Amino acid sequence: MSDKIAIIGGSGVYDLFKKASKISVKTPYGKVETIKKTKYKEREIFFLPRHGPKHSVPPHLINYKANIFALHSLGVKKIYATNAVGSIDISIKPGDFVVPDQIIDMTKVRPLTFFDGSTTIKFEDGSSRKGVVHLDYTEPYCINLRNMYIKAVEDIGEMVYTKGVYVCSEGPRFETSAEIIMYQKMGGTLAGMTTVPEAILARELKMCYSTLCLITNFGAGMQEKITHEEVVEIFEQKTNQVKEVMKKIISSEHSSVKCNCIS
Ligand SMILES: [Zn+2]
């Protein structure tokens, strides 16, 4: 069983991989040239900066299919993502960590699947998926990876919300205050722009996926208009903790309990 994990994240985590070697992966959906590769003991670790190394690709233009397919073709089975998100639950504040367990998809124009009717994808275990595929998506995030994240955050002495509903909007604009009220009524906890289709595509390729969300602001209409400086300050304050969590993940024993991402 290969032990390869991937981290998908932003600028804070990028620092951890500054010295790692860069690799380029060709996929049927385009070339991915931004992946970094390093090792911890026998474990191979890949880092994929979601918005590109210079944070220049907006959420709706990220080539999610190429990114996820590239990790699949490298043999990655576990993806640990990170996201900076807004809170739409007044009790969850900027600076808090959340490991969400559910998704509401409010995106509009993104390709949401590898399976357009004619695609066949083969897996290392000899199985394949093809044609029209309707996945069970009752639990969108991997239970094992969620537990890994929760334990890692607790281990560094930080509080973590162990559940949350990630509402993914199309962006790149932020929500209106009416949209935030709608999301609250729908049962949402967080508002972000990237978990869809990233998490869905990972599941289609039988990869475990979970995300650690850092709250950087409240949703529109929930507070005085937040300044960019405040968002940056919160992000910077917590960047070291995010790095510490990722170090824990990289060096921890991973659960071999069967999850439902693989079947
Ligand atoms: Zn899993």
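These notes cover the structure that comes with them. Bear in mind that the values here come from a model prediction, so they are computed numbers and not experimental data.

Turning to the overall build of the protein chain, a few remarks are in order. Along the backbone of the protein chain there are six helices and 13 strands. Expected size for 263 residues packed as a compact globule is a radius of gyration near 18 Å; at 18 Å, the protein chain falls within 12% of this value. Projecting the C-alpha coordinates of the protein chain onto the three principal axes gives extents of approximately 55 × 40 × 35 Å. Once local pairs closer than 6 in sequence are excluded, the contacts in the protein chain between residues at least 24 apart make up 81%.

Within the secondary structure, Tyr-149 sits in helix α3 (residues 143-155). A residue is classified by how many C-beta atoms lie within 10 Å of it, and Tyr-149, with 28 of them, is buried. Separated by 114 residues in the primary sequence, Tyr-149 and Ile-35 place their C-alpha atoms 22 Å from one another. Ignoring anything within four residues of it in the chain, the contact list for Tyr-149 reads Val-99, Ser-210 and Leu-212.

So, about the nonpolar core. Of all hydrophobic cores here, the largest spans 64 residues; its most connected members are Ala-6, Leu-71, Ile-79, Met-207, Tyr-209 and Cys-213. The element that contributes the greatest number of residues to this core is strand β13 (residues 208-218), accounting for six residues. Apart from residues no more than four positions distant in its own chain, Leu-71 is found in contact with Ala-6, Phe-46, Leu-48, Val-76, Ile-79 and Met-207.

Before going further, it helps to spend a moment on the pairing of strand β4 (residues 43-49). A large share of β4 lies buried, amounting to five of its seven residues. Pairing between strand β1 (residues 4-9) and β4: six bridges, direction parallel. Counted as the bridge partner of Gly-9 is Pro-49 from β4. For strand β3 (residues 30-40) and β4, the ladder comprises five bridges, and the chain directions are antiparallel. Note on β4: the bridge partner recorded for Thr-38 is Ile-45.

This brings us to the packing of α3 against helix α6 (residues 228-251). With their axes 9 Å apart at the nearest point, α3 and α6 run at an angle of 125° to one another. Relative to α6, the element α3 lies oblique. The interaxial crossing formed by α3 with α6 has right-handed handedness. On the side of α3, the interface is formed by Met-148, Ala-152, Val-153 and Asp-155, while α6 contributes Val-245, Lys-248 and Ile-249. Split into classes, the residues belonging to the contact of α3 with α6 amount to five nonpolar, no polar and two charged.

As a further point, take the pairing of strand β5 (residues 78-87). Of all 10 residues that make up β5, 10 are buried, and the element is covered over most of its length. Across four bridges, β1 lies against β5 in parallel orientation. Of the residues in β5, the one forming a bridge with Ile-8 is Ala-81. When β5 meets β13, the two strands line up parallel, connected through 10 bridges. By the bridge assignment for β13, Tyr-80 is matched with Ser-210. The pairing of β5 with strand β12 (residues 190-192) spans two bridges and is antiparallel.

Cut-off values and rules
- Residues numbered from 1 in each chain as written.
- Predicted model: local features only at pLDDT ≥ 70, side-chain atom pairs only at ≥ 80, totals over all residues.
- Helix = DSSP H or I, 4+ residues; strand = E, 2+ residues; numbered from the N terminus.
- Rg over C-alpha atoms; globule rule 2.2 N^0.38 Å.
- Contact = placed C-beta atoms within 7 Å.
- Buried ≥ 20, exposed ≤ 12 C-beta atoms within 10 Å, placed from the backbone.
- Core = buried A, V, L, I, M, F, W, Y, C linked by C-beta atoms within 7 Å.
- Pairing = 2+ DSSP bridges.
- Axes fitted to C-alpha atoms, helices over the stretch in contact; angles between N-to-C directions.
- Parallel < 35°, antiparallel > 145°, perpendicular 65-115°, else oblique.
- Left-handed = near helix turned anticlockwise from the far one by under 90°.
- Nonpolar A, V, L, I, M, F, W, Y, C, P; charged D, E, K, R; others polar.

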